[in-house]
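What follows is each chain in one-letter form.
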Amino acid sequence: MNGRRSPVAVWLGQVGILVRKELLQIVRDRALLLFTVYIFTLDILLAAGNAGFDVRHAPIGIVDLDRSAASRELVYRFRAPHFEARPLNASPDAAGRLLDEGAIHALLEIGPGFERSLQRGQEAPVQLVIDGSKATLGYLIESYGERILAQESAGWAAARLAREGVDARSLPQVRLQPRTWYNADLRETWFATISELVTMMTVAAIFLPAAALIREKERGTIEQLLVSPLAPLQIVLAKVFAMTLVMLAGAAVAVGGIMVGLLDVPFRGSPVLFFALLALYAVTTSGLGIVAATFARNSGQVGLIVLLIVMPILFLSGSWNLVEGMPAWLRAGIELSPLRHFVPIAYGIVLRGTGLDAIWPSVVKMLALGTTLFAVGVWRFRRQFR
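Now for a description of the structure that goes with this document. Just so you know, the residues in each chain are numbered from 1, in the order the chain's sequence is written. Side-chain atom pairs in this predicted model are given and counted only at pLDDT of 80 or more, local residue features only at pLDDT of at least 70, and totals for whole chains, interfaces and linings cover all residues. Each side-chain value is worked out from all heavy atoms of the structure, with water and hydrogens disregarded.

## Observations concerning the overall build of the protein chain
Convention followed: In this text, helices come from DSSP runs of H or I with a minimum length of four residues, and strands from runs of E with a minimum of two, each type numbered from the N-terminal end. Within these notes, the globule rule equals 2.2 Å times the number of residues to the 0.38 power, and the radius of gyration is based on C-alpha atoms. Throughout, exposure labels follow a simple rule: accessible area from a 1.4 Å probe, protein chains only, divided by the maximum for the residue type, with under 20% read as buried, over 50% as exposed, and the rest as partly exposed. Two residues form a contact once any of their heavy atoms are found within 4.5 Å. For the area figures, the Shrake-Rupley method with a 1.4 Å probe applies, and any residue is considered shielded solely by the protein chains shown. We score Asp and Glu as negative and Lys and Arg as positive, and we do not count His or the chain ends. Where a charge sits is defined by one atom per residue type, namely NZ (Lys), CZ (Arg), CG (Asp) or CD (Glu).
On a plain count of helices and strands, the protein chain comes out with 15 helices and 4 strands. The C-alpha atoms of the protein chain give 29 Å as radius of gyration, which overshoots the globular expectation for 386 residues (21 Å, by more than 25%). Per-residue burial over the protein chain gives 42% buried out of 386 residues. Taking the contacts inside the protein chain whose residues are at least 6 apart along the sequence as the reference set, 77% of them involve residues at least 24 apart. Summing over all exposed atoms, the protein chain offers an accessible surface of approximately 21,100 Å²; the carbon and sulfur share of this is 60%. Counting 37 positive and 30 negative side-chain charges, the protein chain places the centres of these two groups 12 Å from one another.

In structure tokens form, the structure reads like this:
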């Protein structure tokens, strides 16, 4: 061989040199470095702090026109930590204005004769007026309220049967025995942090390669690279590989240091498989960033284009919302979202501990879509500088 390197080795060696150059540039670019550190550290912590769909200390106004032992018992059930009961010595109309002002989230009205109706075995209506401007909070308050009233009603029914000499336990009953797998306590923090991690990986996979290419345009060095003995594919691969290494390092800090280390999120699967597929996702999704860079002339434009690309990807992924709740015309486009295919991979490996045998359909779809996007990005880059 006379010490001569093969063309493939020379080609890869040139890519390696470009990768080192890109890593040095991102270290020197303080704004981009700070952005990368933020999305893999503080952003994950903020997502964990905002996680949770439990009602906590929701202010609820109480208008008790019965003022009986039964009404006081019912009011007592609307207590902390879920509710913050605020007895109101006002008419229902006056109390309703507090809902308009946003001072309370709900209004419980107990009419006169409430206890007397229950003692007679009659229906005792109670009105719960809920502020529906915050739809999720309103739905949760309604669910909590219905559960509380159902328990109160069951207690009065059992007491009446006992007075008549009937044991309520002897009556036919349907008992639900739920079994919750993978997240027995339904900790929203586990879901929220993984969701935020894959979201930030998507943003970084698109934005970082695009920013690297735009930086070459703004500095006027892209032409120098193109007239050098380098192929356009080498230039693109170098930027993608360098940014992928940065993203993997950030993901390692996010998973090991923040999620597992600080937030006690379990990691039940194979770390090797997870980070291998994470790298594959980053490389393939970066094709969208290359496409964005070919349409932009400066950093401001590329930021706007990336935003236009990222938002549909997130909304069609099933990470921020339920795919089953989407209209039919919108569900038809979910297969075009790269994140849609990575979400089951991430949750499967981290929370369920699944292996490649269970998630390979998502891997194949992600690879097929990502390869197409990457090819389109390289084609756009070559065409732009012909």
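## Details of the side chain of His341
Selection rule: The term polar contact refers here to a pair of N or O atoms within 3.5 Å; inside protein, the definition further demands a hydrogen-donor-capable atom paired with an acceptor-capable atom, and it admits residues adjacent in sequence only when both atoms are side-chain atoms.
Its place among the elements puts His341 in helix α14 (residues 338-352). A polar contact is formed between the side chain of His341 and the backbone oxygen of Glu335, at a distance of 3.0 Å. Beyond its immediate sequence surroundings of up to four residues, His341 is in contact with Glu335, Ser362, Lys365, Met366 and Leu369.

## Some details on the pattern of salt bridges
Once the charged atoms of two side chains with opposite charge are near each other, the side chains can pair. Applied cut-off: Here, a salt bridge means any side-chain nitrogen of Lys or Arg that lies within 4 Å of a carboxyl oxygen of Asp or Glu.
Summed over the entire model, instances satisfying the criterion amount to 9 salt bridges. As a salt-bridge pair, Glu22 and Lys21 come within 3.0 Å of each other at their nearest N and O atoms. Lys21 sits in the partly exposed class, given a relative accessible area of 25%. Between Glu73 and Arg77 there is a salt bridge; the shortest N-O distance is 3.9 Å. Of this pair, Glu73 and Arg77 both sit in helix α4 (residues 69-77), 4 residues apart, roughly one helical turn. Taking relative accessible area as the criterion, Arg77 reaches 29% and is therefore assigned partly exposed. Each of the salt bridges in this network shares a partner with another, and the network as a whole consists of Lys21, Glu22, Asp29, Arg215, Glu216 and Lys239.

## Quick notes on α14
Quick reminder of the rule: To estimate how far a helix should extend, the number of its residues minus one is multiplied by 1.5 Å.
Under the 1.5 Å per step criterion, the end-to-end length of α14 is 21 Å for 15 residues, consistent within 8% with the ideal 21 Å. Of all 15 residues in α14, 12 are buried; the element is thus mostly enclosed. One or two residues past the end of α14 sits Gly353, with phi positive at roughly 70 degrees.

## A look at the packing of aromatic side chains
Remark: the centre distance and the inter-plane angle together describe each pair of aromatic rings, the angle taken between the planes. So the rule is basically this: Only centres within 6.5 Å qualify two rings of Phe, Tyr or Trp (six-membered ring in Trp) as a pair; their planes then separate them into stacked at under 30 degrees, edge-to-face at over 60, and tilted for everything else. Here, a charge over a ring means that NZ of Lys or CZ of Arg falls within 6 Å of the ring centre while also lying within 35 degrees of the ring normal.
A full pass over the atoms with the stated rule returns 8 aromatic pairs. An angle of 90 degrees between the planes, with centres 6.0 Å apart, marks the rings of Trp181 and Tyr182 as edge-to-face. The class for Tyr182 is partly exposed, based on a relative accessible area of 38%. The rings of Phe78, Phe83 and Tyr144 are connected pair by pair, giving a single aromatic cluster. Over the aromatic face of Tyr144 sits the side chain of Arg147, whose NZ or CZ is 5.4 Å from the ring centroid. When the ring centre of Tyr182 is taken as reference, the NZ or CZ atom of Arg352 above it lies at 5.9 Å.

## What to know about the sheet that holds strand β1 (residues 58-64)
The line we're drawing: One bridge is not enough; two strands pair if DSSP finds at least two bridges between them. As a rule, the C-alpha atoms of each element are fitted with a line to give its axis, helices using only the stretch in contact, and angles between N-to-C directions run from 0 to 180 degrees.
Strand order in the open sheet formed by 4 strands is β2-β1-β3-β4, with mixed pairing between adjacent strands. Both outer strands of the open sheet, β2 (83-87) and β4 (126-130), are each paired with one neighbouring strand and no more. Strand-to-strand twist across the sheet, computed as the mean angle between neighbouring axes with direction ignored, equals 25 degrees. Pairing analysis gives 5 bridges linking β1 to strand β3 (residues 106-110), with the strands arranged parallel. Within the sheet, the bridge partner assigned to Asp64 lies in β3 and is Ile110. On the sheet, helix α5 (residues 92-101) packs against β1, β3 and β4 and is oriented at approximately 165 degrees with respect to β3.

## Quick look at unusual backbone geometry
Here the bond from Ala80 into Pro81 is cis, since omega is 10 degrees, no more than 30 degrees from zero. Residue placement: Pro81 occurs in the loop between α4 and β2. Despite not being glycine, His57 has its phi angle at roughly 55 degrees, a positive value. Inspection of the secondary structure puts His57 in the loop between α3 (42-50) and β1. The phi angle at Tyr182 is positive, at roughly 70 degrees, despite the residue not being glycine. With respect to the helices, strands and loops of the structure, Tyr182 is situated in the loop between α7 (135-163) and α8 (188-219).

## Concerning α8
Between its first and last C-alpha, α8 extends 45 Å over 32 residues, near the 46 Å set by a 1.5 Å rise per residue. With respect to burial, α8 is a largely interior element, 26 of its 32 residues being buried. Note on α8: the residue one or two positions beyond its end, Gly220, has a positive phi of about 75 degrees.

## A word on the packing of helix α1 (residues 7-28) against α8
Our working rule: When an angle is under 35 degrees it counts as roughly parallel; over 145 it counts as roughly antiparallel; between 65 and 115 it counts as roughly perpendicular; any other value is oblique. Polarity classes work like this: nonpolar for Ala, Val, Leu, Ile, Met, Phe, Trp, Tyr, Cys and Pro, charged for Asp, Glu, Lys and Arg, and polar for all others, with Gly in that last group.
For the pair α1 and α8, the least separation of the axes is 12 Å and the interaxial angle reads 85 degrees. For the element pair α1 / α8, the angle class is roughly perpendicular. Note on element contacts: α8 touches α1 through Ala212, Arg215, Glu216 and Arg219, opposite Lys21, Glu22 and Gln25. Looking at side-chain class alone, the contact of α1 with α8 contains 1 nonpolar, 1 polar and 5 charged residues.

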